[in-house]
Amino acid sequence: MPFVPKKQAFNAHINEVVLGVGEKATAIGGQNVLPFHSFDAEIKNAPKIGVELTDFGMSEYTMPGEQAFYAGCETVVDMAKRAETMEGADFLCLHFEGADPNGANKSVEECVALAKAVSDAVTMPIVIMGCKNIEKDTELFNKIAEALAGKNILVLSARDENYKTVGASAGLAYNQKVGAESAVDINLAKQLNTVMTQLGVNAQNIVMNIGSAAAGYGYEYVASTLDRIKDAALKQADGMLQMPIMTPVSSDTWGVKEAVMSEADMPEWGSQEERGIEMEITTAAAVLAGGSDAVILRHPEAIKTIAAMIRALI
Amino acid sequence: MAVKGLDIFKLSPKKNCKECGSPTCMAFCMKVAQGAIEITKCPYMSEEAIALLSEATAPPMKTITVGEHKLGGETVMMRHEKTLVNRNLFAATLCTCMDDAKVEERIEGIKKVDYERIGEREMVECVFVHDAGDSAKFVELCKKAAAIGDRTVIIDTKDVDTAKAAVEAIKDNKPILNGANKDNFAAMNEIATAAGIVLGVHGADLSELHDIVAELEKAGNKNLILDVTAETIKETFANAVLVRRTAIKDGDRTFGYPSIVNLGVLCDHNEHLETALASVFVLKYGSIIVMDKIGYAEALPLYGLRQNIFTDPQKPMKVAPGIYPINGATPDDPCALTVDFALTYFLVSGELERSKVPINLLITDASGMSVLTAWAAGKFSSTSVKKFFDEFDLANKINNRTLIIPGKVAVMKGEIQDKLPEWNVVVGTREAVELVKYLKDGEYKAAAEAAAASKKPAEAKKTVDADAPLDFEKIAASIPAIKIRADLDAHYKQRDPESPKFVTIGERIHCISPVIREAMATFNPDPILERAAQQIKAGATYLDVNIGPAESNGPELMTWAVKLLQENFNNVPLALDTANKKAIEAGIKVYNRTNGKPIVNSADAGSRISYIDLAAANDAICVALCSADGIAKDNEERMMHCHHMLERGLSLGMEATDLWFDPLFLVVKGMQDKQMDVLNAIKLFADEGLKSTGGLSNNSNGAPKNVRPIMDSALVAMAMMQGLTSAIVNPNDLRLMETIKSCDIFKNNELYSDSYLDV
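Because the structure is predicted, anything quoted here is derived from the model rather than measured.

Cut-offs applied
Residues numbered from 1 in each chain as written. Chains lettered and ligands numbered in written order. Predicted model: local features only at pLDDT ≥ 70, side-chain atom pairs only at ≥ 80, totals over all residues. Helix = DSSP H or I, 4+ residues; strand = E, 2+ residues; numbered from the N terminus. Rg over C-alpha atoms; globule rule 2.2 N^0.38 Å. Buried ≥ 20, exposed ≤ 12 C-beta atoms within 10 Å, placed from the backbone. Contact = placed C-beta atoms within 7 Å. Domains from an automatic or database assignment. Arc of directions from axis to C-beta. Pairing = 2+ DSSP bridges. Axes fitted to C-alpha atoms, helices over the stretch in contact; angles between N-to-C directions. Nonpolar A, V, L, I, M, F, W, Y, C, P; charged D, E, K, R; others polar. Parallel < 35°, antiparallel > 145°, perpendicular 65-115°, else oblique. Left-handed = near helix turned anticlockwise from the far one by under 90°. pLDDT = per-residue confidence, 0-100. Core = buried A, V, L, I, M, F, W, Y, C linked by C-beta atoms within 7 Å. Expected span 1.5 Å × (residues − 1).

For chain A, the helix and strand inventory stands at 11 helices and 10 strands. Computed over C-alpha atoms, the radius of gyration of chain A comes to 19 Å, within 12% of the 20 Å expected from 2.2 N^0.38 for 314 residues, which places it in the range of a compact globule. Seen through its principal axes, chain A has C-alpha atoms that stretch 60 × 50 × 35 Å. Residues counted as buried form 56% of the 314 residues belonging to chain A. Residue pairs at least 24 apart in sequence account for 70% of intrachain contacts in chain A once pairs closer than 6 positions are excluded.

This is the structure we're talking about:
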């Protein structure tokens, strides 16, 4: 008797959210099966990859592979234009690390000007990441959402403390997409989606950032949170967890020991760049296998590789 | 997977002959399903039914031994459902297509990756030797692979004669023979069975694989591994998922074997793509992941990921206790102390590294709990720190005498300083992220000098002998006079200790509350009496008295607290709650039993099991936590702990009803899917006639204030239905107390009257 596997497609599906405008607009989510389970049903949209660009520009891109790729770029705008040509890139993520009041404390005006300049120069969808300081991010997101009205950007992200302001401005006033950020906590993830929709933000305009960790650094919590969210969204058809998930990966992975230690300090470990790339790849592949619908990465080689992996699995 | 009584009934003879001893076939089948009676007691049961039952009780996935490792044995698809039990293994490849230099390079590479991470050895566990068509060379290559030592060789050949020669040549290695396919499986089976080794099976597709496995099982071989590698990456992933899902969710045991995935052939030397896919297969059902080569760049993230995924979700990851020099620290550098919870370790060590300040990180055994939790549970105390310093001989191994302790346990500073008089104890930061600034600013240096200067001149230390019998008279004489407050208007009503009514244990006198902690530190009776009065008015049956670790004055403090409460409130019965056993002993000595025996809070089946002995010796009730090291993973484990403690209590002459079993109520936020397990455990206790209790309101920890009483009330009603006989609660929660009183009415523990809520 020939073996025929049972199918496991669900009636519920993940919301499809479109980012950006024009030809380069990109859709995430939409599937009614577990990650890469194309044998259960066709997967509506392949997971997407964003290129992380910090507002500090070239000074933060010290790895030889990064230097080679961005060779000749002087400004973040130059880098953004170059990043659009990167193999595997679907969107750009502007990461305003420099806005942090405890760091470079760049003014909101300066950040808005940069976002505007990049937006004018590129055609790919844009995602905005803040500096993790609640007050500053709230103001930053409001102003950038306003300045980039009509571009259908995603602000990443509103949190428990500021979802009302960010949701009202980015989500309602300027009709952008809004990220809902929780820190590896499924109950909070659902709660944020619930209160944000109660506020009037259309559920179809919300993307979740459920938090992450580098492989080996408490990643089990990330894995189980992803598993449980997909389970609730598809099997229990929980409409408050059906938002697609976007996970910033490179901001975690390039900060851990394996990626930070120089080859001089750890000769037996070999090339630092290679370690950083493999850490970025391992973590990105894991969050995608767990159900993230988009990842934000940094190194051109990691982006190329993850794009190849997605192609091979879809 | 449990088989239902009705499924068995459908296959039963349905003749109601009663020969099995049951009145009807239906009744018999129900008992069989519960495991209460053997199916063979029925002389007329069909073979089909017997087969169904043995199939249903067999594990869904077999456990296979590879070298020193176990593979398979999984019962769930996702780790949060229970746990994944056997971590996957990694293999690097050798091939007859490689020249000698390349082979040597590979072998050196395999040997090089060998390190320890959080107490586990991380290495390339298997060597995958591929036959590209040169039989003699292949056998030589297998020998070289086996000669590396400690690694299981995977013999990858489809040629029967080559396989035979290779297995013969390295049979001591106990290799895996990965070679059975539809054409050769009978011959390969013979070789593998004769050598007693695992046989790898490959099919052109899942249907063919299924057929071959069925044939091999029929021939008696169940020591198999399934090579799910297909032509494409996409199909390989599908195979890995479907094989696992078919076994675990659809109950088809033919696919109940571990898998092997060969990424080397799928990725065509794209090493980065191999890493990406290896990560996917660690999560999704690769048991042996074969890569072309594995260096540190691949091993560090992949092994870290594997270690994370294959941890029990209910057991914390622990780091081995010891001295961890950071940034090239020497014995002349200062020490920073923390607990062995892996996440704490990573956070703290990461920040210490970032500071670039050489420092010795000291990790103490705190059962894998975080700093505050460990402190509250008595696992991180001045005694445990002292023990750690003695065990690891810190005095001789470290010359510097500065000891930085976590800011969160600043309260321990004095006690640690007393126990380690040679050291200068300094309170560090509350959070790890503040460490970089703290160390760079060098604040701790001044603090250490201050600590050194303020130390009392070497007065002859009172040597406290922990095992010395207590001098009760001396204790009684040393405590302050008992203050009586007549103004509190709380009268504890005489109680029949035999009453079947639900017992509430008021939890509000707890040293984790700053007000109470302060009151206990200064022997100030008023805050304690006020909280007691409030709880008694609200209808608490017992009051819990938690005096914290109380290492220095436990017996005095508990004696005082017991007398204070009982003399003020008509001998209100008490639960004595502390990690200091001498304190409990002293408290019981002055305890009045009119309204009920004292409760010892609490024993567990692990390091606190001797609290049962304490309760037995003092004719007390004992709260018995059904856990040993961390939360029990299922009710089988809970019941094992329960019976272990029950036996101990009975052997010491206790009444079974004096052990109140605590299933450990779990937080809904985080462990929602385990709530029914806890409720079912209560039923299991009740079915055996045992009493139960627990910190019920833990379920709603972290929930909004207005929601908690609703959740707690619903849970107590469900739990009382299951047979819960007591709970440790906040009696000031009116909704909860009214729910409990109502449940007592329904359970017929109390006769109904219109004003039952006021009684």
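Moving on from the coordinates now.
Turning our attention to the domain arrangement of chain B. Each assigned domain of chain B is listed with its residue range as follows: domain 1 (5-57), domain 2 (88-308), domain 3 (322-454) and domain 4 (504-751). For domain 1 of chain B versus domain 2 of chain B, the distance between C-alpha centres works out to 43 Å.

Residues and elements named next belong to chain A. Buried within helix 2 (residues 76-83) are the following residues: Val76, Met79, Ala80 and Ala83. One face of helix 2 carries all of its buried residues, which in axial projection span an arc of 100°. As for helix 2, its buried residues are in contact with strand 3 (48-54), strand 4 (91-95) and helix 3 (108-121).

Turning next to the sheet that holds strand 16 (residues 402-405) of chain B. Residues and elements named next belong to chain B. Strand order in this open sheet of five strands is 13-15-14-16-17, and the pairing throughout is mixed. A single partner strand is all that each edge strand has here, and the edge strands are strand 13 (322-326) and strand 17 (424-427). Between one strand and the next, the sheet's axes are offset by a mean angle of 30°, whatever the strand orientation. Examined bridge by bridge, strand 14 (residues 335-339) and strand 16 share two bridges and lie parallel to one another.

With that settled, consider the interface of chain B and chain A. Taken together, the contact between chain B and chain A spans 42 residues of the former and 44 residues of the latter. Elements supplying a minimum of two residues to the side of chain B that touches chain A: helix 8 (206-218), helix 9 (233-248), helix 11 (271-283), helix 12 (296-309) and helix 13 (342-355) of chain B. Split by residue class, the side of chain B that touches chain A holds 22 nonpolar, 13 polar and seven charged.

With that settled, consider the packing of helix 10 (residues 272-290) of chain A against helix 12 of chain B. Their axes nearest at 8 Å, the elements helix 10 of chain A and helix 12 of chain B cross at an angle of 30°. With respect to helix 12 of chain B, the axis of helix 10 of chain A lies roughly parallel. Crossing angle aside, the handedness with which helix 10 of chain A passes helix 12 of chain B is right-handed. Between helix 10 of chain A and helix 12 of chain B, the contacting residues are Glu274(A), Arg275(A), Glu278(A), Met279(A), Thr282(A), Thr283(A) and Ala286(A) on the first element and Ala297(B), Glu298(B), Leu300(B), Pro301(B), Leu302(B) and Leu305(B) on the second. Broken down by class, the residue content of the contact of helix 10 of chain A with helix 12 of chain B amounts to seven nonpolar, two polar and four charged.

Residues and elements named next belong to chain B. Relative to the assigned elements, Val241 resides in helix 9. By C-beta crowding, Val241 is classed as buried, having 23 other C-beta atoms within 10 Å. When the C-alpha atoms of Val241 and Met645 are compared, they prove to be 42 Å apart, with 404 residues separating the residues in sequence.

Further remarks concern the sheet that holds strand 9 (residues 246-248) of chain A. Residue and element names in this part refer to chain A. Strand order in the open sheet made by the eight strands is 8-7-6-5-4-3-10-9, with parallel pairing throughout. For this open sheet the edge positions go to strand 8 (206-209) and strand 9, each flanked by a neighbour on one side alone. Neighbouring strand axes in the sheet, compared pairwise and without regard to direction, differ in orientation by 25° on average. Sheet topology places strand 3 next to strand 10 (residues 294-297); four bridges connect them, and they run parallel. The residue bridging Val51 from the neighbouring strand is Leu297, located in strand 10. Here helix 2 sits on the sheet in contact with strand 3 and strand 4, set at roughly 160° to strand 3.

Here chain B shows a mean pLDDT of 91. Residues at 70 or above account for 97%. Prediction confidence for the complex, expressed as pTM and ipTM, is 0.83 and 0.97 respectively.

It is worth spelling out the environment of Arg228(A) at this point. Tracing the chain through its elements places Arg228(A) in helix 7 (residues 219-235). Taking the C-alpha atoms as reference points, Arg228(A) and Leu241(A), separated by 13 residues in sequence, lie 9.9 Å from one another. If we ignore the near neighbours within four places in the chain, the residues touching Arg228(A) are Ile186(A) and His80(B).

If you look at the biggest cluster of nonpolar residues, it comprises 230 residues, and the most contacted ones within it are Ile128(A), Ile306(A), Ala91(B), Val127(B) and Cys142(B). The two domains that each donate at least three residues to this core are domain 2 (88-308) and domain 3 (322-454) of chain B. Non-local contacts of Cys142(B), meaning those with residues more than four positions away in its chain, are made with Val129(B), Val153(B), Ile155(B), Ala166(B), Ala169(B) and Ile170(B). Counting 84 residues, the second largest nonpolar core, distinct from the first, contains Ile475(B), Met520(B), Cys642(B) and Phe665(B).

Before going further, it helps to examine helix 9 of chain B. In this model, helix 9 of chain B (16 residues) spans 23 Å end to end at C-alpha, consistent with the 22 Å of a helix rising 1.5 Å per residue. Helix 9 of chain B sits mainly inside the fold: 14 of its 16 residues count as buried.

This part takes up the packing of helix 28 (residues 675-687) of chain B against helix 29 (residues 708-722) of chain B. Residues and elements named next belong to chain B. It is the contact of helix 28 with helix 29, at a shortest axis distance of 8 Å, that shows an interaxial angle of 30°. By the angle between their directions, the pair helix 28 and helix 29 is classed as roughly parallel. Handedness of the crossing formed by helix 28 with helix 29: right-handed. Contacts between helix 28 and helix 29 involve Leu679, Ile682, Lys683 and Ala686 on the former and, on the latter, Met718, Ala719 and Gln722. Looking at the contact of helix 28 with helix 29 residue by residue, the classes come out as five nonpolar, one polar and one charged.

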